[in-house]
Amino acid sequence: MTIEKSHFNLNRPVHLARRDIFFEMAVELLCAPFHEMSTTNALHHIENVLAYLQTATRHGTFAARSPLCSERERDFIHFLHLISQNVQSLHAMMLNQSHLGKEESFLCQFLNTNHEESALPAMAYGRRAEDILQGLWHVLHLALAPYRTLQLENMENLNEGERSRYERASASTRNELSERPNAPPVPVTI
């Protein structure tokens, strides 16, 4: 079986497009001023970032099944895993801060603490969340050039028909996300 006829190549342009769009949407959400949101909305916002990153990772993994997958592409999938773990940590710090910041939360009740006793750990969790976010922004800034290089390499390896499928899948995914901006992506099943 030739590379051109490999079944792993059939949907590669679609998976590449969805990987790229979901990653770009996650980055866009991470750069939004969610500090101005209520705690509940900020947590939901970060959950959406995580869902987008996980969807980008799944599509990247599907695309990487092709023999055309490069080492840079595999490295990007690894990068997506690492960034997802950072976002999970951010979410955990924000959630802990939230629970310790409310006397009526289950955590304060379980710990049998009052507001004064839980204020210091709540502030510490808030600082850790901010540190994680700053680190994420810095790493994402560094990743911009390698990501664009990967995109160009991927596009150069697609023929005209595949590039057309990539563009249609990109437009379709953007449209899908714009119609449900506050909902996480639907899990991919293949």
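Just so you know, these numbers come straight off a predicted model, no measurement behind them. (Residues numbered from 1 in each chain as written. Predicted model: local features only at pLDDT ≥ 70, side-chain atom pairs only at ≥ 80, totals over all residues. Heavy atoms only, no water.)

1. Brief notes about the packing of helix α2 (residues 12-30) against helix α6 (residues 115-156)
When two helices pack together, you describe them by how their axes are tilted relative to each other and by the distance separating the axes. What counts is decided by this rule: With axes taken as lines fitted to C-alpha atoms, and helix axes fitted only over the stretch in contact, angles between N-to-C directions fall between 0 and 180 degrees. The helix and strand labels rest on DSSP assignments: H or I over at least four residues marks a helix, E over at least two residues marks a strand, and numbering proceeds from the N terminus. Angles are sorted into four bins: roughly parallel if under 35 degrees, roughly antiparallel if over 145, roughly perpendicular if 65 to 115, and oblique for all others. Definitions for this section: a left-handed crossing has its near helix turned counterclockwise from the far helix by less than a right angle. A right-handed crossing has that turn clockwise. Contact between two residues is taken to exist if any of their heavy atoms lie within 4.5 Å; hydrogens are not considered.
Interaxial distance between α2 and α6 falls to 11 Å at its minimum, and their mutual angle equals 155°. Here α2 is positioned roughly antiparallel relative to α6, judged by the angle of their axes. Crossing angle aside, the handedness with which α2 passes α6 is left-handed. On the side of α2, the interface is formed by Arg12, Leu16, Arg19, Asp20, Phe23, Glu24, Val27 and Leu30, while α6 contributes Leu133, Leu136, Trp137, Leu140, Tyr147, Arg148, Leu150, Gln151 and Asn154.

2. A word on the environment of Gly126
Under the convention used in this document: Here the term buried applies to any residue with accessible area under 20% of the maximum for its type, exposed to any over 50%, and partly exposed to those in between, with areas from a 1.4 Å probe on protein chains only.
Positionally, Gly126 belongs in helix α6. Owing to a relative accessible area of 17%, Gly126 belongs among the buried residues under this scheme. Distance in space between the C-alpha atoms of Gly126 and Leu95 is 9.4 Å, their sequence separation being 31 residues.

3. Concerning the packing of aromatic side chains
Rules: The rule is short: rings of Phe, Tyr and Trp, with Trp giving its six-membered ring, pair when the centres are within 6.5 Å, and they are stacked under 30 degrees, edge-to-face over 60, tilted in between.
Under the criterion given, the structure shown has six aromatic pairs. For the pair Phe22 and Tyr52, a centre-to-centre distance of 5.8 Å together with 45° between the ring planes defines the contact as tilted. Taken together, the residues Phe22 in helix α2 and Tyr52 in helix α3 (residues 39-63) connect sequence positions 30 residues apart. Of the residues examined, Tyr52 reaches a relative accessible area of 1% and is grouped as buried. Counting every residue linked through ring pairs, the aromatic cluster contains Phe23, Phe76, Phe79 and Tyr147.

4. Some thoughts on a nonpolar patch on the surface
Worth spelling out the cut-off: Nonpolar side chains (Val, Leu, Ile, Met, Phe, Trp, Tyr) within 5 Å and like charges within 9 Å form the patches, drawn only from residues with over 30% relative accessible area and no salt bridge. Shrake-Rupley sampling with a 1.4 Å probe provides the accessible areas, and residues are treated as covered by the protein chains on show and by no other component. Salt bridge, as used here: a side-chain nitrogen of Lys or Arg that lies within 4 Å of a carboxyl oxygen of Asp or Glu.
A cluster of nonpolar residues, Phe106, Phe110 and Leu111, forms a patch on the protein surface that exposes about 370 Å² of accessible area. Mapped onto the elements of the fold, Leu111 is located in helix α5 (residues 106-111).

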